[in-house]
Amino acid sequence: MSKSRIAAVDVGNDSLKGLFGKADFELNIPNVIARDREDRPVIGIEELNDKDPLDGIHIKVHSPALKENNVIYRVGNLAAKSDNAAELDPGSSKSEEDQTLVMLFASLALDAVREENSDVFKQTNGVIDANYVLGTGLPLREVKEGKDVGYRSQLLSSVHQVEFLVTPKYQGKKVNIKFDELKVYPEGFAAYINLVMDKELNIINKDLIDKRILIQDIGGLSTDIAVIKNRNVDDDKAQGFNLGVSEALEAIREEIRTKHGVELDSRRDVADIITKKQDRNHIMVKGSRTSVHDITDRILLELAKKQYRHLRNMWQKNSQTEICYFVGGGATVLKDYLKTLNNNLDGYNIGFFEDEKESIWMMANAYYKLIYDFYRKNIQEEPAKDTNKKAVKS
């Protein structure tokens, strides 16, 4: 029988972030998929196997949980180059989209197939049987609607198979994925856990533990605002909104195409232009460095104003709030605009994570802490051994 391996996966609207095992392996894959044929062309098998598997994820996915089964996909970087690339649409529910499951299964298969896990999972004739204890999450809005129950049950009740087709190093391998246990956490609660506790769930931020806090998690398609008091999320007051950065990024992408004739592969490319350290808000047009500041500032400032209105409304309803933390990839994109608005308007006590990776990886880190604690207390027979590599403290 295969051993169980821990996995903590945040299927974000921009990208999937995953931590596996004793946080000894991490994955960050753009959340883009594209339908494909089985025999995609490559230039020679030797050249294929010299490439990074993450740049050539080409899989067939079988799962009773999928609405459309046995479909072949390009995933991540490879999909972003396709004319038929699909990113999640505004208004969609993460728990009801095949794309969420395809990304989740792909990440687990990429972990299971690694040579380092050959002593963890049983492999017979190129088929790997991989058992996982998974921690993941859904937006507060979907959890409040009870969608986490169906999401969890459809994953727990079946075996899900990923077959690697024309993928570097893993071509021909199949991974059967089974969940020994699966926890679905509300994203706002997870963010709070990551703020105040370490991997062992010991309190590391005593200044915050008893404060009344808002956590505004800005994602690609939605925004969740968690209300924390008495060390718990107030489910009645927590709110979710169908407002993320994806539409704004798409608008920037389209305006760049119209004005400058430059095609960007995905929203991820737009986000990189906005957040990169060097030459921020610049693109190359016919070999010349060109500013797109006018486009990005106008569109992102308008989105920041909408996000700020949500902050103001939530603070008015929770007047004893002491601080609001902005987290998530969207907060990284909008940070400068939100700070400027706040300085010029209400002057709330707001906080950001200056380390952008910490903000982006917050959910995956939180799921890891929670599922590791569950695993240690309920599944692992022997006490956890310490590891030299710590969980990503982004």
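K.L.:
Looking at this model, I keep getting lost on the overall build of the protein. Mind explaining?
P.N.:
Along the backbone of the protein there are 13 helices and 18 strands. For the protein, the C-alpha radius of gyration of 21 Å lies close to 21 Å, the compact-globule estimate for 394 residues. C-alpha extents for the protein along the principal axes are approximately 65 × 55 × 40 Å. Every one of the 394 residues in the protein was classed for burial, and the buried ones make up 57%. In the protein, 69% of the contacts between residues at least 6 apart in sequence involve partners at least 24 apart. When the accessible area of the protein is evaluated, it comes to approximately 17600 Å², of which 45% is carbon and sulfur surface. Of the side-chain charges in the protein, 57 are positive and 63 negative, and the distance between the mean point of each set is 2 Å.

K.L.:
Looking at this model, I keep getting lost on the side chain of Ser82. Mind explaining?
P.N.:
Looking at the element boundaries, Ser82 is found in the loop between helix 2 (77-80) and helix 3 (98-112). Here Ser82 is in contact with Ala34 and Arg74, once residues within four sequence places are set aside.

K.L.:
Just to check I follow, could you spell out the environment of Leu140 for this structure?
P.N.:
Tracing the chain through its elements places Leu140 in helix 4 (residues 140-144). Setting aside residues up to four positions removed in sequence, Leu140 forms contacts with Pro186, Gly188, Asp224, Ile225, Ala226 and Ala238.

K.L.:
How should I be thinking about the pairing of strand 16 (residues 288-291) in this particular structure?
P.N.:
Within a regular strand, side chains alternate between the sheet's two faces. Here four bridges tie strand 15 (residues 282-285) to strand 16, and the two strands are oriented antiparallel to one another. Across the sheet, residue Val285 finds its bridge partner in strand 16, namely Ser288. In this antiparallel pair of consecutive strands, strand 15 and strand 16, the connection spans two residues, and Lys286 shows a positive phi of 55°.

K.L.:
Would you explain helix 3 in this entry?
P.N.:
Note: α-helices contain 3.6 residues per turn, so residues at a spacing of three or four share the same orientation. The first and last C-alpha atoms of helix 3 sit 21 Å apart over 15 residues, in line with the 21 Å expected at 1.5 Å per residue. Counting buried positions along helix 3 gives 15 out of 15 residues, so the element sits mostly inside the fold.

K.L.:
Would you mind showing me how to read the pattern of salt bridges here?
P.N.:
Once their charged atoms are close, side chains differing in charge can pair, the charge on each being opposite to the other. For the structure shown, the criterion picks out 24 salt bridges. When the shortest N-O distance is used, the salt bridge between Glu181 and Arg152 registers 2.6 Å. Within this pair, whereas Glu181 is found in strand 10 (residues 174-186), its partner Arg152 is found in helix 5 (residues 147-156), the two being separated by 29 residues in sequence. Residue classification places Glu181 among the buried positions, given a relative accessible area of 16%. Among the salt bridges present, the one from Arg298 reaches Glu255, with a minimum N-O distance of 2.6 Å. Of this pair, Arg298 sits in helix 10 (residues 293-317) while Glu255 sits in helix 8 (residues 246-260), and the two are 43 residues apart along the sequence. Residue classification places Arg298 among the partly exposed positions, given a relative accessible area of 45%. Residue class for Glu255 comes out partly exposed when judged on its relative accessible area of 25%.

Rules and cut-offs
- Residues numbered from 1 in each chain as written.
- Predicted model: local features only at pLDDT ≥ 70, side-chain atom pairs only at ≥ 80, totals over all residues.
- Heavy atoms only, no water.
- Helix = DSSP H or I, 4+ residues; strand = E, 2+ residues; numbered from the N terminus.
- Rg over C-alpha atoms; globule rule 2.2 N^0.38 Å.
- Buried < 20%, exposed > 50% of the residue type's maximum accessible area, 1.4 Å probe, protein only.
- Contact = heavy atoms within 4.5 Å.
- Areas by Shrake-Rupley, 256 points an atom, 1.4 Å probe, with all protein chains shown as cover.
- Lys, Arg positive; Asp, Glu negative; His and termini not counted.
- Charge placed at Lys NZ, Arg CZ, Asp CG, Glu CD.
- Pairing = 2+ DSSP bridges.
- Expected span 1.5 Å × (residues − 1).
- Salt bridge = Lys/Arg side-chain N within 4 Å of Asp/Glu carboxyl O.

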